[in-house]
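Summary of structural features
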Amino acid sequence: MLVVTGTGTGVGKTMVTAAIAALAKERGQRVAVLKPAQTGVLPEEPGDLAEVRRFAGDLTARELRRYPDPLSPEAAARRSGIEPVTPAEAAKVASELDAEHDLVLIEGAGGLLVRFDPGGSTLADLAWSLGSLVLVVAEAGLGTLNATALTAEVATSRGLNVAGVIIGSWPSDPGLAELSNVADLPVAAGAPLLGALPAGLGELTREEFLVQARDGLSPWFGGEFDPECFAGSTSAQT
Ligand SMILES: Nc1ncnc2c1ncn2[C@@H]1O[C@H](COP(=O)(O)OP(=O)(O)OP(=O)(O)O)[C@@H](O)[C@H]1O
Ligand SMILES: [Mg+2]
């Protein structure tokens, strides 16, 4: 089981989830992806799980609640009148999925401390109740070191283990901040750099996506990403 969080919304959690799922599936693993709360999507629209399936192919996908407003799950639940999702409910479903799959990926909404319900439950509580490792998806550029350090420090203070940090979208023409952050992100996270997905994955076919997932994710996920090489190739540009 792996909880995929990030330094914020739109940082590439869904892309990273799809990449990890694609590699696991390629190795013959049974993969499930759980999105406890999907916000900002109407009932007939594709959500994050549809995006994961578009790139990783068929897998078990469970969404527990969907709210139309693009807000935190707590705020979106309040506005819609739809019941909030609780960590206990999400943990129960995750455990059920875990019994029948080799890998269960859980994608949060936004960052680690975004609230699910008025009681203040967050993805951190869900990860804690599952005893699951946490993966932090981070942006490449300026500002990411602070957001990554905040996320990792809170995770650690809540008794969670951060498996590593992954850059959700590595630009084709990185600037000084991006290049410099390659060495500093794992320090900020207090955990290894487990990958960097290139920008522009959105238009790829499933086969092309799989190649990029392999290149961009560490052997920990069955990929070939080597942080030393990546840092070496980027430091040559600084
Ligand atoms: N490596 C990438 N290549 C191409 N597009 C990307 C990449 N990473 C992210 N994007 C795009 O940026 C947007 C945000 O990415 P994504 O949906 O993965 O973020 P998220 O962290 O899952 O956001 P949310 O909090 O809404 O779930 C999406 O439109 C996605 O297609
Ligand atoms: Mg997402």
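Heads up: the structure comes first, above all this text.
Residues numbered from 1 in each chain as written. Chains lettered and ligands numbered in written order. Predicted model: local features only at pLDDT ≥ 70, side-chain atom pairs only at ≥ 80, totals over all residues. Heavy atoms only, no water.

1. Overview of the overall build of the protein
Check the secondary structure of the protein and you find 9 helices and 7 strands. A compact globule built from 238 residues would reach a C-alpha radius of gyration of about 18 Å, and the protein, at 17 Å, matches this within 12%. For the protein, the C-alpha atoms occupy an extent of roughly 55 × 35 × 30 Å along the three principal directions. For the protein, with 238 residues in total, the buried portion stands at 51%. Relative to all contacts within the protein whose residues are 6 or more apart in sequence, the contacts with residues 24 or more apart total 76%. Approximately 10400 Å² of the protein is accessible, and the part contributed by carbon and sulfur atoms is 51%. If the 17 positive side-chain charges of the protein are averaged to one point and the 30 negative ones to another, these points end up 7 Å apart. (Helix = DSSP H or I, 4+ residues; strand = E, 2+ residues; numbered from the N terminus. Rg over C-alpha atoms; globule rule 2.2 N^0.38 Å. Buried < 20%, exposed > 50% of the residue type's maximum accessible area, 1.4 Å probe, protein only. Contact = heavy atoms within 4.5 Å. Areas by Shrake-Rupley, 256 points an atom, 1.4 Å probe, with all protein chains shown as cover. Lys, Arg positive; Asp, Glu negative; His and termini not counted. Charge placed at Lys NZ, Arg CZ, Asp CG, Glu CD.)

2. A short note on the packing of aromatic side chains
Across all of its chains, the model carries 4 aromatic pairs by this definition. Note on Trp 220 and Phe 221: the rings are 5.1 Å apart at their centroids and 85° apart in plane angle, and the pair reads as edge-to-face. According to the relative accessible area criterion, Phe 221 is buried, its value standing at 5%. Geometrically, the ring pair formed by Phe 225 and Phe 230 is tilted, given 5.3 Å between the ring centres and 50° between the ring planes. One exposure class covers both Phe 225 and Phe 230, and it is buried. (Phe/Tyr/Trp six-rings, centres within 6.5 Å; stacked < 30°, edge-to-face > 60°.)

3. So, helix 2 (residues 48-56)
Listed as buried for helix 2 are Asp 48, Leu 49, Val 52, Phe 55 and Ala 56. In an axial view of helix 2, the angular spread of the buried residues amounts to 130°, which keeps them on one side of the axis. In this fold, the buried residues of helix 2 make contact with helix 1 (13-26), strand 2 (31-39), strand 3 (60-67), strand 4 (103-107) and helix 8 (206-216). Just past helix 2, the residue Gly 57 takes up positive phi, approximately 85°. (Arc of directions from axis to C-beta.)

4. What about the sheet that holds strand 7 (residues 193-198)?
A sheet is described by the order of its strands in space; here 7 strands give the open sequence 3-2-4-1-5-6-7, paired in parallel fashion. Strands at the two margins of the open sheet, each flanked by one partner only, are strand 3 and strand 7. Neighbouring strand axes in the sheet, compared pairwise and without regard to direction, differ in orientation by 20° on average. Strand direction decides the pairing type here: strand 6 (residues 162-170) and strand 7, joined by 4 bridges, are parallel. Across the sheet, residue Ile 166 finds its bridge partner in strand 7, namely Gly 195. Contacts from helix 1 reach strand 1 (2-6), strand 2, strand 4, strand 5 (133-138), strand 6 and strand 7 within the one sheet, and its direction differs from that of strand 4 by about 175°. Its contacts with the sheet place helix 5 (residues 123-130) against strand 1, strand 2, strand 4 and strand 5, and it is angled at close to 160° to strand 1. (Pairing = 2+ DSSP bridges. Axes fitted to C-alpha atoms, helices over the stretch in contact; angles between N-to-C directions.)

5. Considerations on the nonpolar core
Ile 106 and Trp 170 are the most contacted members of the largest nonpolar core, which totals 43 residues. Once residues within four sequence positions are removed from consideration, Trp 170 is found in contact with Ala 140, Glu 178, Leu 179, Val 182, Ala 196, Leu 197, Pro 198, Ala 199, Phe 230 and Thr 234. The next biggest cluster of nonpolar side chains, apart from the first, holds 32 residues, and it includes Leu 49, Leu 105, Val 137 and Phe 221. (Core = buried A, V, L, I, M, F, W, Y, C linked by side-chain atoms within 4.5 Å.)

6. Here's the deal with the environment of Gly 168
As for its placement among the helices and strands, Gly 168 is situated in strand 6. You can call Gly 168 buried: its relative accessible area is 5%. Along the backbone, Gly 168 and Arg 62 are 106 residues apart, and their C-alpha atoms lie at a distance of 22 Å. Once residues within four sequence positions are removed from consideration, Gly 168 is found in contact with Val 11, Gly 12, Val 16, Val 137, Ala 138 and Leu 197.

7. Here's the deal with the site of ligand 1
Neighbouring ligand 1 are 19 residues; Thr 9, Lys 13, Thr 14, Pro 198 and Leu 201 lie closest to it. The backbone of Met 15 places a nitrogen or oxygen atom 3.2 Å from an oxygen atom of ligand 1. Here Pro 198 contributes a backbone N or O atom positioned 2.8 Å from a nitrogen atom of ligand 1. Its free accessible area being 620 Å², ligand 1 has 72% of it covered by the protein chains. (Near = heavy atom within 4 Å. Polar contact = N/O pair within 3.5 Å; in protein donor to acceptor, adjacent residues only side chain to side chain.)

8. What to know about the pattern of salt bridges
Inspection of the entire model under this criterion finds 12 salt bridges. Salt bridges sharing common partners tie together Lys 35, Asp 48 and Glu 107. (Salt bridge = Lys/Arg side-chain N within 4 Å of Asp/Glu carboxyl O.)

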